[in-house]
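Structural characterization, general
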Amino acid sequence: MAKPVRATQVELDNAVQALRAGEVVAFPTETVYGLGANAQHEAAVAKIFALKGRPASHPLIVHLDSARYLHRWAREVPEAAQKLAARFWPGPLTLVLPRASNVLDLITGGQDTVAVRVPAHPMAQQLLTAFGGGIAAPSANRYGHVSPTRADHVRDEFGDALGVVLDGGECKLGLESTIVACVGDSVRMLRPGQITLSQLRREVGEVHSGAAEDSPRVPGSTLAHYAPATPLRLVEGGQIERLAAELSAAGQRVGVLAQRPPVGTYRHVTWVNAGTRVEAFGHDLYTHLRALDKAGASCLLVQEVPADERWDAVRDRLSRAAASTGELAVPEASS
Ligand code: TXA
Ligand code: MG
């Protein structure tokens, strides 16, 4: 049976009490699980960084139950941001806005902006409403690891180091939110997510994409991110099975994440067919990477995904994962 997506009163009271006491609480959102703390409590926020092993210069997202108290966090909400919030909140959109003066430097990384999101997951909404304030939360994984999309992923990451983990079942989307910076007249997508560039443009017209010279820092945009422990390589669809077969024949354990089943069978290959539907692929991506990571393979071969913009978020996470796991000792596909 699927996990209920709402918390019981006891679970909720427990989580709120922990937040009020300055403790860290993991909770589900529709994107990935978050590692939350009272955003106005410096020592509590510091615990997030300590738990994750995240450098203090990397800013966090403040989660709110709605836009009604947005002005407490952002001193200015440009028109484009208002339109985007009205269209996509609650949902998988994070807005980076000029910060209000009382926002902790630890949350903003000392920058002049703050990232804010109103998540749609019913349990996140329950928690935010019951707590009544902002919850600062990065994804609930150790720094640089794959984000968790299930409560047991969070437990795998932190074990007993984390007291409260609200279990809201599997995250509906499975990939982190789209991040859009709205500062002055400029609108820039800093991280792709389920909400695409075209959807953003439909609401507000011109939207830049990628980091600008002077744009705010997004650690998720550094290469060492979203990575499984096993070296990962992106391989063209037409090459992946032959390469896996060659490695297997040479006695290497190989994990494969493809969009179709294999034609043959190979002794040392763990083959995952993630299908060709982008929603399902994104939903399962981190679960597959975690599972393949545990398969004891010496490398993961991941089939390149389509160039279509709907795959931007998946492609973004995969290319970072490939870039951050270093060189692979696998033969080049001979064509
Ligand atoms: O879907 C999500 O966004 C999930 C859930 C838990 O809400 N959260 C998440 O948090 O992915 P995290 O910390 O793993 O990634 C948030 C990104 C980071 O790359 C961070 O640098 C960026 O948001 N960020 C936070 N504040 C920022 C700011 N002021 N300017 C630019 N980027 C910022
Ligand atoms: Mg993260």
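This text goes with the structure placed above it.
Conventions and cut-offs
Residues numbered from 1 in each chain as written. Chains lettered and ligands numbered in written order. Predicted model: local features only at pLDDT ≥ 70, side-chain atom pairs only at ≥ 80, totals over all residues. Heavy atoms only, no water. Buried < 20%, exposed > 50% of the residue type's maximum accessible area, 1.4 Å probe, protein only. Helix = DSSP H or I, 4+ residues; strand = E, 2+ residues; numbered from the N terminus. Arc of directions from axis to C-beta. Contact = heavy atoms within 4.5 Å. Core = buried A, V, L, I, M, F, W, Y, C linked by side-chain atoms within 4.5 Å. Polar contact = N/O pair within 3.5 Å; in protein donor to acceptor, adjacent residues only side chain to side chain. Pairing = 2+ DSSP bridges.

Points about helix α7 (residues 197-204)
- Of the residues making up α7, those classed as buried are L197, L200 and V204. Buried residues of α7, viewed axially, fall in a sector of 65°; they line one side.
- Buried residues belonging to α7 abut α3 (79-88), β4 (93-98), β8 (178-183), β9 (186-191) and β10 (208-209).
- Immediately beyond the C-terminal end of α7, within one or two residues, lies G205, with a positive phi of roughly 80°.

Details of the nonpolar core
- Membership of the largest hydrophobic core comes to 51 residues, with the highest contact counts inside it found for L35, L84, L93, L95, I107, L162 and L200.
- Leaving out residues up to four positions away in the same chain, L93 has contacts with L84, F88, V116, R117, S177, T178, V180, I195 and L200.
- Residues L175, L232, L285 and L292 belong to the second largest nonpolar core, which totals 23 residues.

Points about the side chain of Q259
- Note that Q259 resides in the loop between β12 (254-258) and β13 (269-273).
- A polar side-chain atom of Q259 sits 3.2 Å from the main-chain carbonyl oxygen of E304.
- Once residues within four sequence positions are removed from consideration, Q259 is found in contact with N273, G275, T276, F281, Q303, E304, V305, P306 and W311.

Focus: the sheet that holds β4
- With respect to topology, 10 strands assemble into an open sheet ordered β7-β1-β2-β6-β3-β5-β4-β8-β9-β10, the strand pairing being mixed. Looking at strand neighbours, the two that pair on one side only are β7 (164-165) and β10, the edges of this open sheet.
- As paired elements, strand β3 (residues 61-63) and strand β5 (residues 113-117) share three bridges and run parallel to each other. Opposite V62, over in β5, you have V116 as the bridge partner.

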